[in-house]
Protein chains: 2
Amino acid sequence: MRKNKKERQQLLQETIGDTPFITDEELADKFQVSIQTIRLDRLELSIPELRERIKHVAEKKLDDEVKSLHIEEIIGEIIDLQLDESAISMLEIKKEHVFSRNQIARGHHLFAQANSLAVAVINDELALTATASIRFTRQVMENERVIAKAKVVMGESEKGRTTVEVNSYVGNELVFSGEFDMYRSNPAQR
Amino acid sequence: MRKNKKERQQLLQETIGDTPFITDEELADKFQVSIQTIRLDRLELSIPELRERIKHVAEKKLDDEVKSLHIEEIIGEIIDLQLDESAISMLEIKKEHVFSRNQIARGHHLFAQANSLAVAVINDELALTATASIRFTRQVMENERVIAKAKVVMGESEKGRTTVEVNSYVGNELVFSGEFDMYRSNPAQR
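Where an unreviewed UniProt entry is consulted, chain A appears under the name Transcription factor FapR, with the organism given as Metabacillus litoralis. What the UniProt record of chain A gives under Sequence similarities (unreviewed entry) is the line "Belongs to the FapR family." The UniProt entry for chain A carries the following comment under Function (unreviewed entry): "Transcriptional factor involved in regulation of membrane lipid biosynthesis by repressing genes involved in fatty acid and phospholipid metabolism."

Following this line, the structure appears as structure tokens:
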């Protein structure tokens, strides 16, 4: 059942608060209204369009600075970073990321986003991947936007390694998950 | 102990037979002689230089043809391919593949080589990676040459998936190993 305007606008505000990278198309789908309606809702609620929301998040000064690699070596755009704790990045899937035959994103790009985020979150000059266990849970298509969230789950294992869990989403759907076991030159400070 | 010339030339011939992509530098190291000596040995034995050996292998008509993706979408050069059985590819690690800080190859390039080979070996129009378990066993440096060998280990699992094992080597050293569980649209014919 479609909601009335007031209910919809309240839910819209909550949805964008929870998942700031959701597109107008996805919102229209979710609330079963036209994209035009979503745009009007956003105008009335003074919620900027997606591109502005992303710029805003990206311009927030990162709490920490990447140590383990040059920031331009990260695959995707870093949105948030707390060294040895958590990190978020965004990758827009473009033509060069998909199989030409079916427009499905190639696994190694999702892997590269997640793996470079797992490297970036480590608070150490040297961080290298030892092992990884990964799962592709839903196909990602051209023009979708993948948000990867990394979390340091074990500060230090018996071998002085750090385990980083990365979950990647399109909207609310999990598309990739991985557990990365990282070498580092100095043990975590937690 | 260094071997005499006859012994060395015999071993050299065997070594190149077993590992055709070994460089003159690696051979010189192995036999504790100069590169010049290796070159003279090759001349006497009429063994072409590495570049020629690679070209020769690459020009051999592949027994099978890649089905699951366009051949130019494979990361690395396909050296051999037997659909639903095995495949071999080679990737030269260049400047764009390494961390600028330490010239160590970035994990996602080794992953991309192995993963695209696991896709290529599948005898099906559609092949997608479901899960993977991977291990980086030795750092790979700029200018090294990585040979990935894929082997189909289980033609079909309970879910209609195919398991592909990929081991990647620099010379005789294992640098990467991975087990890829692949979705496919048609079950394997073995």
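A few words now on the interface of chain B and chain A. Across the boundary between the two partners, chain B contributes 31 residues, which contact 31 residues of chain A. Summed over both sides, the interface of chain B with chain A buries roughly 2600 Å², with 52% coming from carbon and sulfur. Considering only the side of chain B, the residues that lose the most area to chain A are Arg-101, His-108 and Phe-136 of chain B, jointly responsible for 22% of the buried surface there. Taken together, the links from chain B to chain A amount to 2 salt bridges. Salt-bridge contacts for Arg-101 of chain B lead to Glu-125 of chain A; the nearest nitrogen and oxygen are separated by 3.6 Å. The tally of links from chain B across to chain A stands at 15 residue pairs in polar contact (both at pLDDT 80 or more).

Here we come to the side chain of Arg-161 of chain A. Locating Arg-161 of chain A in the fold gives a position in the loop between β4 (145-154) and β5 (162-170). A polar contact is formed between the side chain of Arg-161 of chain A and the side chain of Asp-181 of chain A, at a distance of 3.2 Å.

With respect to topology, 12 strands assemble into an open sheet ordered β1(A)-β2(A)-β4(A)-β5(A)-β6(A)-β3(A)-β3(B)-β6(B)-β5(B)-β4(B)-β2(B)-β1(B), the strand pairing being antiparallel. The open sheet terminates on both sides in strands that have one partner only, identified here as β1 (77-82) of chain A together with β1 (77-82) of chain B. Across the sheet, the axes of successive neighbouring strands diverge by a mean angle of 20°, strand direction being ignored. Set on the sheet, helix α5 (residues 107-120) of chain B makes contact with β3 (127-136) of chain A together with β1, β2 (86-92), β3 (127-136), β4 (145-154), β5 (162-170) and β6 (173-184) of chain B; between it and β6 of chain B the angle comes to about 45°.

What counts and how
Residues numbered from 1 in each chain as written. Chains lettered and ligands numbered in written order. Predicted model: local features only at pLDDT ≥ 70, side-chain atom pairs only at ≥ 80, totals over all residues. Heavy atoms only, no water. UniProt positions renumbered as here; feature names shortened; annotations may be inferred. Contact = heavy atoms within 4.5 Å. Buried area = accessible area lost by both parts, 1.4 Å probe. Salt bridge = Lys/Arg side-chain N within 4 Å of Asp/Glu carboxyl O. Polar contact = N/O pair within 3.5 Å; in protein donor to acceptor, adjacent residues only side chain to side chain. Helix = DSSP H or I, 4+ residues; strand = E, 2+ residues; numbered from the N terminus. Pairing = 2+ DSSP bridges. Axes fitted to C-alpha atoms, helices over the stretch in contact; angles between N-to-C directions.

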